[in-house]
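Here is what each chain is made of, one letter per residue.
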Amino acid sequence: MNEIQKEELINLKNEGRSYKEMASALFISEGAIKSFFRREKLRAEEFYSVCKYCGTPLTKRLGNKKFCSDVCRYTWWHKNSKDNRECTKVNRCKNCNKDFKCYDNKDRKYCSHACYIADRFKIRKGNQDYDQ
């Protein structure tokens, strides 16, 4: 890793970028980036970033702080919740045969955990094992 890449890493970290984003931008492995920051003993408090919602500078960044206040955090999550995203697929529930939207897993079989439990642990009366 040369000096230009090291300076660019520090700039990207100041912008609040993740290790994965830095690795793809500079074509360096995530492990090398983590090792660089560990070797240089650069702590999270030394970096500056901005609030994800309003853009206010966050001077002391403890942990993975991304918002300046709870109001900004709640507002951002409300605007970016699953209700506002487009549905990736509409499936039919294996248990109740109702249509449901799924956002993160296009291969879902059940509309809810209750339907999964009802179908999974159902004792069927027509089964020979239970006829006696």
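Look above for the structure.
Structural notes, computed from the coordinates. On a predicted model such as this, the values are computed, not experimentally measured, just so you know. Numbering of residues begins from 1 in every chain and follows the order in which that chain's sequence is written. Predicted model: local features are reported for residues with pLDDT of at least 70 only, side-chain atom pairs are reported and counted for 80 or more only, and whole-chain, interface and lining totals are derived from all residues. Just so you know, side-chain values use all the structure's heavy atoms and leave hydrogens and water out.

Observations regarding the overall build of the protein
Stage number 1. A tally of regular secondary structure across the protein gives 5 helices and 4 strands.
Stage number 2. Of the regular secondary structure in the protein, the N- to C-terminal order runs α-α-α-β-β-α-β-β-α.
Stage number 3. The 132 residues of the protein split such that 19% are buried.
Stage number 4. When checking whether two residues touch, look at their non-hydrogen atoms; a contact exists if any pair is within 4.5 Å. In the protein, 19% of the contacts between residues at least 6 apart in sequence involve partners at least 24 apart. Secondary structure follows DSSP: runs of H or I at least 4 residues long count as helices, runs of E at least 2 residues long count as strands, and numbering of each begins at the N terminus. When accessible area is computed with a 1.4 Å probe and restricted to protein chains, residues below 20% of their type maximum are described as buried, those above 50% as exposed, and intermediate ones as partly exposed.

Points about the packing of helix 2 (residues 19-26) against helix 3 (residues 30-40)
Stage number 1. The interhelical angle for the contact between helix 2 and helix 3, taken along N-to-C directions, is 115 degrees, at an axis separation of 9 Å. The angle between helix 2 and helix 3 falls in the class roughly perpendicular. Regarding helix 2 and helix 3, the two cross each other, and that crossing is right-handed. Listed contacts from helix 3 to Tyr19, Lys20, Met22 and Ala23 of helix 2 are Glu30, Ile33, Lys34 and Phe37.
Stage number 2. Class assignment of the residues belonging to the contact of helix 2 with helix 3 gives a composition of 5 nonpolar, no polar and 3 charged. The angle between two axes is taken between their N-to-C directions and runs from 0 to 180 degrees, where each axis is a line fitted to C-alpha atoms and a helix contributes only its stretch in contact. Any angle that falls under 35 degrees is termed roughly parallel, while one over 145 is termed roughly antiparallel, one within 65 to 115 roughly perpendicular, and all others oblique. Should the near helix be turned anticlockwise from the far one by less than a right angle, the crossing is left-handed, and should it be turned clockwise, the crossing is right-handed. Side-chain classes are defined by residue name, with Ala, Val, Leu, Ile, Met, Phe, Trp, Tyr, Cys and Pro counting as nonpolar, Asp, Glu, Lys and Arg as charged, and the others, Gly among them, as polar.

A few points about unusual backbone geometry
Stage number 1. Of note, the phi angle at Phe27 is positive, near 55 degrees, even though the residue is not glycine.
Stage number 2. When you line up the elements, Phe27 lands in the loop between helix 2 and helix 3.
Stage number 3. On the accessibility criterion, Phe27 (78% relative accessible area) is exposed.
Stage number 4. One non-glycine residue, Asn97, lies in positive phi territory at about 60 degrees.
Stage number 5. Its place among the elements puts Asn97 in the loop between strand 3 (89-92) and strand 4 (99-102).
Stage number 6. Of the residues examined, Asn97 reaches a relative accessible area of 47% and is grouped as partly exposed.

Description of the nonpolar core
When a protein is soluble and globular, its nonpolar side chains tend to lie buried together.
Stage number 1. To form a nonpolar core, buried Ala, Val, Leu, Ile, Met, Phe, Trp, Tyr and Cys residues must be joined to one another through side-chain atoms within 4.5 Å. Core analysis: the biggest nonpolar cluster contains 9 residues, these being Leu9, Leu12, Met22, Ala23, Leu26, Ile28, Ile33, Phe36 and Phe37.
Stage number 2. If we skip the residues at most four places from it in the chain, Leu26 touches Gln5, Glu8, Leu9 and Leu12.
Stage number 3. Counting residues in each nonpolar core, the second largest holds 5 residues, with Phe100, Cys102, Tyr110 and Cys115 among its members.

Let's talk about the packing of aromatic side chains
Stage number 1. Pairing of aromatic rings covers Phe, Tyr and the six-membered ring of Trp, with a centre-to-centre limit of 6.5 Å; geometry is then stacked below 30 degrees between planes, edge-to-face above 60, and tilted otherwise. Per the stated rule, a full pass over the model turns up 5 aromatic pairs.
Stage number 2. Ring centres of Phe36 and Phe37 lie 5.1 Å apart, and the angle between their planes is 65 degrees; this geometry places the pair in the edge-to-face category. Take Phe36 and Phe37: they sit in the same class, and that class is buried.
Stage number 3. Considering the side-chain rings of Phe67 and Trp76, the 5.7 Å spacing of their centres and the 50 degrees angle between planes classify their relative orientation as tilted.
Stage number 4. For Phe67, a relative accessible area of 11% translates into the label buried.
Stage number 5. What makes Trp76 buried here is its relative accessible area of 18%.
Stage number 6. Chaining the aromatic ring pairs together yields one cluster made of Tyr19, Phe36 and Phe37.
Stage number 7. Note on geometry: a ring has a charge over it if NZ (lysine) or CZ (arginine) is within 6 Å of the ring centre and within 35 degrees of the ring normal. Directly above the ring of Tyr19 sits Lys13, whose terminal nitrogen or CZ lies 4.7 Å from the centroid.

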